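Results of the structural survey
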Amino acid sequence: MRERLAAIPGIEIVPGDWGTGIVARLAGGRPGPTVAYRSDMDALPIREETGLPFACVRTDTLDGRAVGVMHACGHDFHMAILLGVAAVLSEVRERLPGSVLFLLEPAEEIGAGARMLLEAGVFEEGREPAAIFATHVHPSLPVGRIGYCPGYATGNVDTFRLRIAGVGGHGAYPHETVDPVVLAARTVLALQTLVSREIDTAKQAVVSVGSIHGGTKSNVIPDEVVLTGTIRTLDPAVRDQIHGAIPRLVTGIAASAGAPEPETRTSYGTPSLYNDPEVVTRSLPVLRRVLGEENVVAYDPAMGGEDFARFATVVPGFLFRLGVGRPDREMALHRASFDPDERAIPLGMRVVAELLWEHLAGPDTAE
Ligand SMILES: [Zn+2]
Ligand SMILES: [Zn+2]
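Being a predicted model, the structure only gives us computed values, none of them experimental.

**Some details on the packing of helix α6 (residues 277-291) against helix α8 (residues 344-361)**
- Between α6 and α8, the least distance of the axes is 10 Å, while the angle of their chain directions is 140°. In this structure, the crossing between α6 and α8 has a hand that is right-handed. On α8, the residues touching Arg 282, Ser 283, Val 286, Leu 287, Val 290 and Leu 291 of α6 are Arg 350, Val 351, Glu 354, Leu 355, Glu 358 and His 359.

In structure tokens:
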């Protein structure tokens with residue numbers, strides 16, 4: 001990517017501590033603001049089963065296991081689109097009013113890349129953009145369509161870990177123990193009342209316990225049970241509310257049974273993606289002009305995560321979904337058979353190039 005970008009006339013690679021990421025800039029021949037465009041770059045530890053002649057056959061190791069390497073989330077599409085946009089805008093750079101900052105973000109899938117680039121100062125030294133854009137391929141939309149969602153569009157992706165302590169003993173004499181298995185069972189059910197009984201019914205939230213571990217033998221009451229889970233919310237206030245409620249509830253349940261104090265840890269992960277409504281409003285006419293009115297469709301927020309959200313918390317941002325679905329085939333992201341429709345690549349390039357131009361030049365100078 002670095003070589004391909006550096007070969008495009010007018011593109012300057014911005015030096016910095018970007019890890020395996022790349023930052024590049026295209027300065028236009030006319031004065032104006034900076035707008036940014038992000039593509040993620042990372043693949044997934046999945047053995048590709050598309051049967052395509054160019055399927056990735058590389059293997060790698062993850063936690064000591066041999067794994068495949070596959071662009072099962074379409075980040076290869078995103079990179080191809082970024083390169084195309086850079087090439088197109090390079091051709092008209094003399095007339096370009098302002099600069100475009102291109103971000104190639106590593107480690108999106110583990111929610112680490114955006115923070116790394118921000119901490120390394122990607123928006124410092126005169127590079128602060130007026131707006132930032134990104135797209136993500138989406139198999140539920142047919143090729144030729146684009147999806148948008150103003151406001152909060154993805155979930156705050158947070159986790160919790162609860163170590164529920166008890167006093168172990170013989171399963172035949174529970175009165176001589178404090179049984180953490182029973183406490184864990186109560187806790188799992190009680191966690192479900194957080195959303196149903198404490199959160200504003202007009203807001204969305206999910207609390208899911210994903211793992212529960214304790215005990216070794218049928219007739220031994222263990223000393224502890226460990227639960228882990230995920231918390232998904234859209235609104236920041238609801239997010240804080242649940243983070244505060246989990247320790248209160250778990251500690252209360254333990255106290256009611258006379259158990260030792262449990263260890264409750266909740267952590268904040270990738271924030272919810274906020275698509276700036278003003279940026280979205282300004283972008284919609286461009287999307288409709290390029291793809292046709294009927295091909296630009298609104299979608300509802302969903303609780304998945306997207307690391308682009310971190311950029312969009314410091315700069316007004318907009319990530320739209322790019323249709324890559326094929327009517328004859330079922331497809332899902334992160335699946336070994338994921339084979340998106342490549343006709344989406346030139347469409348994505350056109351849309352992004354026009355969006356960036358629009359946000360640099362304003363509606364009257366669209367070309
Ligand atoms: Zn992914
Ligand atoms: Zn992805």
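After that view, the rundown keeps rolling.
**Observations concerning the pairing of strand β2 (residues 22-27)**
- Strand direction decides the pairing type here: strand β1 (residues 11-13) and β2, joined by three bridges, are antiparallel. Bridge assignment links Ile 13 to a residue of β2, and that residue is Ala 24.
- Examined bridge by bridge, β2 and strand β6 (residues 97-105) share six bridges and lie antiparallel to one another. Pairing of Val 23 across the sheet is with Leu 103, part of β6.

**Points about helix α5 (residues 236-256)**
- Helix length check: α5 (21 residues) gives 31 Å between terminal C-alpha atoms against 30 Å at 1.5 Å per residue, within 8%.
- The complete set of buried residues in α5 reads Val 238, Arg 239, Ile 242, Ile 246, Val 250, Ile 253 and Ala 254.
- Turning to α5, the residues buried within the fold contact β10 (156-165), α4 (180-198), β12 (205-214), β14 (224-233) and β15 (263-267).
- Just beyond α5, the residue with positive phi is Gly 258, at close to 70°.

**A short note on the domain arrangement of the chain**
- Domain boundaries assigned for the chain yield domain 1 (2-154 + 272-365) and domain 2 (156-267).
- The C-alpha centroid of domain 2 is placed 38 Å from the C-alpha centroid of domain 1.
- Contacts between the two partners involve six residues from domain 1, matched on the other side by six residues from domain 2.
- Classifying every residue of the side of domain 1 that touches domain 2 by side-chain character gives three nonpolar, three polar and no charged.

**Quick word on the environment of Arg 329**
- Inspection of the secondary structure puts Arg 329 in the loop between β18 (317-325) and α8.
- Take Arg 329: there are 10 C-beta atoms within 10 Å of it, and that puts it in the exposed class.
- Taking the C-alpha atoms as reference points, Arg 329 and Ile 11, separated by 318 residues in sequence, lie 39 Å from one another.

**Describing the nonpolar core**
- The biggest cluster of nonpolar side chains holds 61 residues, and the ones touching the most others in it are Tyr 37, Val 85, Ala 86, Phe 102, Phe 133, Val 352 and Leu 356.
- Residue contributions to this core peak at 10 residues, all from α8.
- Residue contacts for Phe 133: discarding those within four places in its chain leaves Tyr 37, Phe 318, Val 352, Leu 355 and Leu 356.
- Within the second largest apolar cluster, 20 residues are counted, among which are Val 225, Val 238, Ile 242 and Ala 254.

Conventions used here
Residues numbered from 1 in each chain as written. Chains lettered and ligands numbered in written order. Predicted model: local features only at pLDDT ≥ 70, side-chain atom pairs only at ≥ 80, totals over all residues. Axes fitted to C-alpha atoms, helices over the stretch in contact; angles between N-to-C directions. Helix = DSSP H or I, 4+ residues; strand = E, 2+ residues; numbered from the N terminus. Left-handed = near helix turned anticlockwise from the far one by under 90°. Contact = placed C-beta atoms within 7 Å. Pairing = 2+ DSSP bridges. Expected span 1.5 Å × (residues − 1). Buried ≥ 20, exposed ≤ 12 C-beta atoms within 10 Å, placed from the backbone. Domains from an automatic or database assignment. Nonpolar A, V, L, I, M, F, W, Y, C, P; charged D, E, K, R; others polar. Core = buried A, V, L, I, M, F, W, Y, C linked by C-beta atoms within 7 Å.

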